[in-house]
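Here are the chains, one letter per residue:
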Amino acid sequence: MTFLTLLVALALSPMAQATSADADRLLRAERVGEALEEARRSVAADPTDVVAHEIVIDVLLNFGLGAESEALYKDWLKGREGDALAWYLLGRATLDANLARAAYLRAAEIAPRYGRAHMGLASVHRARGELDQAERAYRLALKLDPNLPEAWIGLGAVCIALEKPDEAVKVAEAAIKAVPTDPEAYLALAELRPERAVEILTQASQKVTTDPRVYAVLAQELMRDGRYTEARAQVERAIILVPASPQVNLLAMQVKELESGAITWSGAERLARARALAEEAPVAALVELDELAKAHPSSALVALAQGHVKSARGDLAGAEAALGRALRLAPDSPDAQAAMGLLLLGRKQAREAKPLLEAAWARRPQDASLGISVGMARLGTDGADAALTTLFEVARRSPADPRPVMAIVSVYSQLGQTQAAYNVLAEATARVPHPTLLVAQAAAAKDLGRLQEAVALLRRVYGITGEARYDRLASELEAKIP
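Residues numbered from 1 in each chain as written. Predicted model: local features only at pLDDT ≥ 70, side-chain atom pairs only at ≥ 80, totals over all residues. Heavy atoms only, no water.

Structural notes on the pattern of salt bridges
Within this structure, the stated rule accounts for 33 salt bridges. Between Arg116 and Glu54 there is a salt bridge, with the nearest N and O atoms lying 2.7 Å from each other. Here the residue Arg116 occupies a position in helix α7 (residues 115-127), and Glu54 occupies one in helix α3 (residues 50-62), the gap between them amounting to 62 residues. Each member of the pair, Arg116 together with Glu54, is buried. For Asp335, the salt bridge is made with Arg364, and the minimal N-O distance between the two is 2.8 Å. Placement of Asp335 in helix α20 (residues 334-346) and of Arg364 in the loop between α21 (350-363) and α22 (368-382) is noted, with a sequence separation of 29 residues between them. There is no split in this pair, since Asp335 and Arg364 are both buried. Here the salt bridges do not stand alone but share partners, grouping Glu54, Asp58, Arg92, Arg116 and Glu150 into one network. (Salt bridge = Lys/Arg side-chain N within 4 Å of Asp/Glu carboxyl O. Helix = DSSP H or I, 4+ residues; strand = E, 2+ residues; numbered from the N terminus. Buried < 20%, exposed > 50% of the residue type's maximum accessible area, 1.4 Å probe, protein only.)

And the structure:
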């Protein structure tokens, strides 16, 4: 087994165990990746576009590329040392609190009325636990520039941390007036004033039309009030924006079951608590789910949750029984199809898994996790060419997600085509230098005998992650170079 084959096997092993929260996080990362490409184009067209720069920085930090973000904006500062924007961007781009503070202070010295510089200083104070200083800096930033959603969010969070909830409410209300298209203030105010949540979120749904969270949270509040038809309309709006989101699709199943009487609102709340228990106390979660199954025998949601928990505990027979019941209750549910398909695929039953996974993916064509699973099922039934065709399509649809690339590499690795695997990785890392992909590229380079390149790639990963094992691996490999 080559180093690359071993690495890919380790990287792909937990794929079928991803939770809906994991999947939603990855879907958000995918949308962020698309935003990164658009922001880079905007920066190229207008180097003074501060919002586009912020998106570039925040995405790089989100992907764990703090060292690359800092290096990029240190380089961008050259020749712009008298520009407050350049210093502000460096402060935002670094994870070094001392460097960030110095950069923000320099920006404020150059342009004392530059609100973003004071917002940056506030974020440093907040990170250090200096809450009173953070509050003053946020208020100054907003006095200078009230159109800073991030400063409003920070100020509200500081007020909560200082145990001033009434002041946090005032901040959220002021933020809505100042930036009526920012969803965060509405969501915060709805949480702070739950008795007004439906009113607040209904207003948000009219002002903010591109954030699925607004529709999803509003739907939950409407369900709580028994207003199921209205809740379904809000869920449908969220699905238009994020058709592949497992969380939103579970909401759709929930409102359908509430309308049909398959589950009650109190049952749905108990189910949510059982799901939350599942990771830390799976036995307690199963006890609760068993009781729910007796109380709500027609609920596919309860059966689906039982299947997930049993599968995670290694009770594959119990999981299959529960998921089979979920499929009988909701035969068209992509959640039930996907869960059963993944279980069968994990048991090396690709032929039985494939139709279920294909049906689920057809309903959620932007769900990279499902697409990868379809590719792996086709590998087992139709061969490598069919699998690669599928996986390249998944990668095309999700260009910022490292998982489809790793799946492609796994197929090439099984075929012994290390050069083809390397080519795919090199193209992917040129687009998004994700540490997982860089390590795989280093492994492929090593297997191809390109040791110096493998060393450089591992050192790059060390610079990105700060994890000493990569520096150690690079040194060990470097010692083998003639």
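Things to note about unusual backbone geometry
Positioned with a positive phi, Glu163 is a non-glycine residue whose angle comes to about 60 degrees. Secondary-structure assignment places Glu163 in the loop between α9 (149-161) and α10 (165-178). Given the relative accessible area of 71%, Glu163 is considered exposed. Backbone geometry places Lys348, a non-glycine residue, at a positive phi of 65 degrees. Given a relative accessible area of 76%, Lys348 falls into the exposed group.

Brief notes about the packing of helix α15 (residues 246-260) against helix α18 (residues 300-312)
The geometry of α15 relative to α18 is characterised by a closest axis approach of 9 Å and an angle of 140 degrees between their N-to-C directions. In terms of orientation, α15 lies oblique with respect to α18. From α15, Leu250, Met253, Gln254 and Glu257 reach across to α18, where they touch Ala300, Leu301 and Leu304. Taken together, the residues of the contact of α15 with α18 break down into five nonpolar, one polar and one charged. (Axes fitted to C-alpha atoms, helices over the stretch in contact; angles between N-to-C directions. Parallel < 35°, antiparallel > 145°, perpendicular 65-115°, else oblique. Contact = heavy atoms within 4.5 Å. Nonpolar A, V, L, I, M, F, W, Y, C, P; charged D, E, K, R; others polar.)

A closer look at the confidence of the model for the protein
When the pLDDT values of the protein are averaged, the result is 89; 92% of them are 70 or greater. Across the protein, the secondary-structure element scoring lowest on mean pLDDT is helix α1 (residues 3-12), at 41, and the one scoring highest is helix α8 (residues 131-144), at 97. Predicted confidence for residues 1-30 stays below pLDDT 50, and this span has 49 contacts to residues more than four positions away or in other chains. (pLDDT = per-residue confidence, 0-100.)

Examining the nonpolar core
Membership of the largest hydrophobic core comes to 153 residues, with the highest contact counts inside it found for Tyr88, Leu89, Tyr138, Met223, Leu271, Leu304 and Leu357. Among residues more than four places away in sequence, those in contact with Tyr88 are Val50, Glu54, Tyr104, Ala107, Tyr114, Arg116, Ala117 and Met119. (Core = buried A, V, L, I, M, F, W, Y, C linked by side-chain atoms within 4.5 Å.)

Considerations on the packing of aromatic side chains
Scanning the model with the defined rule gives three aromatic pairs in all. Between the aromatic rings of Tyr88 and Tyr104, the centroid separation amounts to 5.9 Å while the plane-to-plane angle is 40 degrees, which identifies the pairing as tilted. Taken together, the positions of Tyr88 in helix α5 (residues 84-93) and Tyr104 in helix α6 (residues 97-110) put the pair 16 residues apart, joining distant regions of the chain. Using a relative accessible area of 0% as the deciding quantity, one classes Tyr88 as buried. Plain terms: the ring middles of Tyr88 and Tyr114 are 6.0 Å apart, the flat faces sit at 80 degrees to each other, and that makes the pair edge-to-face. Highlighted residues: Tyr88 in helix α5 and Tyr114 in the loop between α6 and α7, separated in sequence by 26 residues. Taken together, Tyr88, Tyr104 and Tyr114 form an aromatic cluster joined through their ring pairs. Against the face of Trp76 rests Arg80, its NZ or CZ located 3.8 Å from the ring centre. Over the ring of Tyr422 we find Arg450; its NZ or CZ atom is 4.3 Å from the centre of that ring. (Phe/Tyr/Trp six-rings, centres within 6.5 Å; stacked < 30°, edge-to-face > 60°. Lys NZ or Arg CZ within 6 Å of the ring centre and 35° of its normal.)

Some thoughts on helix α26 (residues 435-447)
Since the α-helix advances by 3.6 residues per turn, residues separated by three or four positions end up pointing in the same direction. Taking 1.5 Å per residue as the helical rise, α26 with its 13 residues ought to reach 18 Å, and the 18 Å between its terminal C-alpha atoms agrees with that figure. Counting buried positions along α26 gives 10 out of 13 residues, so the element sits mostly inside the fold. Regarding α26, the residues found buried are Pro435, Leu437, Leu438, Val439, Ala440, Gln441, Ala442, Ala443, Ala444 and Ala445. Immediately downstream of α26, the backbone of Gly449 shows phi near 85 degrees, a positive value. (Expected span 1.5 Å × (residues − 1).)

Considering the environment of Thr418
Looking at where Thr418 falls in the secondary structure, it is placed in helix α25 (residues 418-431). Expressed as a C-alpha distance, the spacing of Thr418 and Leu448, which sit 30 residues apart in the sequence, is 7.2 Å.

Digging into the packing of helix α4 (residues 66-77) against α5
Where α4 meets α5, the axes come as close as 8 Å, and the angle between the chain directions of the two elements is 165 degrees. Between α4 and α5, the interaxial angle falls into the category roughly antiparallel. Along this stretch, α4 crosses α5, giving a crossing that reads as left-handed. On α5, the residues touching Gly66, Ser69, Glu70, Tyr73, Lys74, Trp76 and Leu77 of α4 are Leu85, Ala86, Trp87, Leu89, Leu90 and Ala93. Within the contact of α4 with α5, the residues separate by chemical class into nine nonpolar, two polar and two charged. (Left-handed = near helix turned anticlockwise from the far one by under 90°.)

Topic: the side chain of Glu70
You can see Glu70 is positioned in helix α4. Residue class for Glu70 comes out buried when judged on its relative accessible area of 18%. Side chain to side chain, Glu70 and Lys74 meet in a polar contact 2.8 Å long. Once you skip the residues sitting within four places of it in the chain, Glu70 turns out to touch Leu90, Ala93, Thr94, Leu95 and Leu99. (Polar contact = N/O pair within 3.5 Å; in protein donor to acceptor, adjacent residues only side chain to side chain.)

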